[in-house]
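Observations on the three-dimensional arrangement
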Amino acid sequence: MVCFSGLALGKDADDDDDESAKAASSPNLYLDLRTNYATFPAGSLSFGFGNFGLFAGQHPALSTLASHAGLANLPTLPALSSPSSRSIGLDVPLTVDLNDRVSVYAGFSAGASRADFSDWSAFTVYSWSAGFQADVYQQNGGSIPTITLQSTLTRSAAGQPLPTTSVNTILEFDYALNADETRGMLAGMQHTAVAVDSSLVTIKPNVVVYVGGYYQWDNNWKFTGRVGVQSFGGAQLLNRTPFESFTQPIVRLDLDRMDDDDNRLFGITAAISWVPKPAYQLTVRTPLYLVKN
């Protein structure tokens, strides 16, 4: 799940009105770099918060599924299984905070993976993505929580063994407990739909429902926790189901360093999703600001 911070804009009494208006109209522009490391248990296709685990360049399970799809013309299929694996990756979305309510982004993801009894694959670009995040409603001290909608379209890069397209949508409710919005409660839902460029393979939707909360200290360190339930419909190859459906817990913990205007300077995320055995992901966020207000 990707969270973009808002802006807090103001001016001193002796500032020139034209200069202030120009500054207020200038959006944030930055590369929201995310470096991640993930582990996947054998026989699993991992989703979790966000889009990790959906592309063959990152997850050897899809490469295994692609190789079996090529054998679909055989009278009987061999036993379907995927080994446990690890992956390292880099997400590079160019992000524009148009104002304190709307952000848009587009970029690529690259990575390498290693399955049991095999070496690390080459580090290559495996997907492209574009999306937006918007505050549909802002609480601003009222009784109705802030409502945020985020949607990301991701497409496998050329040359992937099993081309896929996914749409990941998150709807989150943020109820602040104080005027500064440094303490609050969260609730939300994430829906991920994946389309495969093969009539032989079907990947059913994945849904995460969660609750959580956050606390930001005076020194601008912010902790956010989310716990929920993930329900995956499974994946099918012809009449076989190599990846079974499941409904299991999921946990995500974030620690972020913000500036005085609530722009993220650094972040680290730890996530555990049971699929049904535990899959782990650690992500480090290091935004590179080209323009920052």
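All of these numbers come straight from a predicted model, not from anything done at the bench.

In this section: the overall build of the protein chain. A tally of helices and strands in the protein chain yields 2 helices and 15 strands. Each of the 293 residues in the protein chain was classed as buried or not, and the buried ones make up 45%. When the accessible area of the protein chain is evaluated, it comes to approximately 13,800 Å², of which 59% is carbon and sulfur surface.

It is worth spelling out the environment of R183 at this point. The residue R183 is located in strand 7 (residues 183–196) in this model. For R183, a relative accessible area of 33% translates into the label partly exposed. In this structure, the C-alpha to C-alpha distance between R183 and Q216, residues 33 residues apart in sequence, is 6.4 Å. Those residues in contact with R183, other than ones at most four positions away along the chain, are Y175, A176, L177, N178, Y214 and Y215.

A separate point is the packing of aromatic side chains. In this structure the tally under the stated criterion is 4 aromatic pairs. Between Y215 and W217 the ring centres are 5.1 Å apart and the planes differ by 70°, which places this aromatic pair in the edge-to-face class. With relative accessibility at 38%, the residue Y215 sits in the partly exposed group. On the accessibility criterion, W217 (43% relative accessible area) is partly exposed. Looking at K222, its charged tip hangs above the ring of Y214, at a distance of 4.8 Å from the centre. Over the aromatic face of Y289 sits the side chain of K292, whose NZ or CZ is 5.7 Å from the ring centroid.

A few words on the sheet that holds strand 12 (residues 240–243). Taken together, the 3 strands give an open sheet; going across it, the order is 8-11-12, and neighbouring strands pair in antiparallel fashion. Each of the sheet's edge strands pairs with one partner strand only, and the pair in question is strand 8 (201–203) and strand 12. When strand polarity is set aside, the average angle formed by the axes of neighbouring strands in this sheet is 25°.

This next bit is on the pairing of strand 1 (residues 28–40). When strand 1 meets strand 2 (residues 85–97), the two strands line up antiparallel, connected through 11 bridges. Among the inter-strand pairings, L29 is bridged to a residue of strand 2, identified as V96. Note: strand 1 against strand 15 (residues 278–291), 11 bridges, orientation antiparallel. Looking at strand 15, one finds that Y37 is bridged to L282.

We now examine the environment of Q160. Along the chain, Q160 turns up in the loop between strand 5 (146–156) and strand 6 (164–176). Through-space distance from the C-alpha of Q160 to that of Y126 is 6.9 Å; in sequence the pair is 34 residues apart.

Moving on, we get to the pattern of salt bridges. Applying the stated criterion to the full structure yields 9 salt bridges. Put simply, R226 and E172 hold a salt bridge, and the shortest N to O gap is 3.3 Å. With a gap of 54 residues between them, R226 in strand 10 (residues 221–232) and E172 in strand 6 connect regions that are remote in the sequence. The same class applies to R226 as to E172, namely buried. Among the ionic pairs, R252 bridges to D254, the shortest N-O distance being 2.8 Å. Residue D254 is classed as buried on the basis of its relative accessible area of 5%. In the salt-bridge network here, residues are joined through shared partners; they are D32, R34, D91 and R285.

What follows covers the pairing of strand 9 (residues 206–216). Pairing geometry for strand 7 and strand 9, over 10 bridges, is antiparallel. From the neighbouring strand, L186 faces strand 9, where its bridge partner is G212. Examined bridge by bridge, strand 9 and strand 10 share 11 bridges and lie antiparallel to one another. Within strand 10, the residue paired with V209 across the bridge is V229. Linking strand 9 back to strand 10 in an antiparallel pair, the connection comprises 4 residues, with N220 at a positive phi of about 75°.

Further remarks concern the side chain of R252. When you line up the elements, R252 lands in strand 13 (residues 246–258). Here R252 falls in the buried class, since its relative accessible area comes to 4%. Here the side chain of R252 touches D254 through a polar contact of 2.8 Å, side chain to side chain.

Analysis parameters
Residues numbered from 1 in each chain as written. Predicted model: local features only at pLDDT ≥ 70, side-chain atom pairs only at ≥ 80, totals over all residues. Heavy atoms only, no water. Helix = DSSP H or I, 4+ residues; strand = E, 2+ residues; numbered from the N terminus. Buried < 20%, exposed > 50% of the residue type's maximum accessible area, 1.4 Å probe, protein only. Areas by Shrake-Rupley, 256 points an atom, 1.4 Å probe, with all protein chains shown as cover. Contact = heavy atoms within 4.5 Å. Phe/Tyr/Trp six-rings, centres within 6.5 Å; stacked < 30°, edge-to-face > 60°. Lys NZ or Arg CZ within 6 Å of the ring centre and 35° of its normal. Pairing = 2+ DSSP bridges. Axes fitted to C-alpha atoms, helices over the stretch in contact; angles between N-to-C directions. Salt bridge = Lys/Arg side-chain N within 4 Å of Asp/Glu carboxyl O. Polar contact = N/O pair within 3.5 Å; in protein donor to acceptor, adjacent residues only side chain to side chain.

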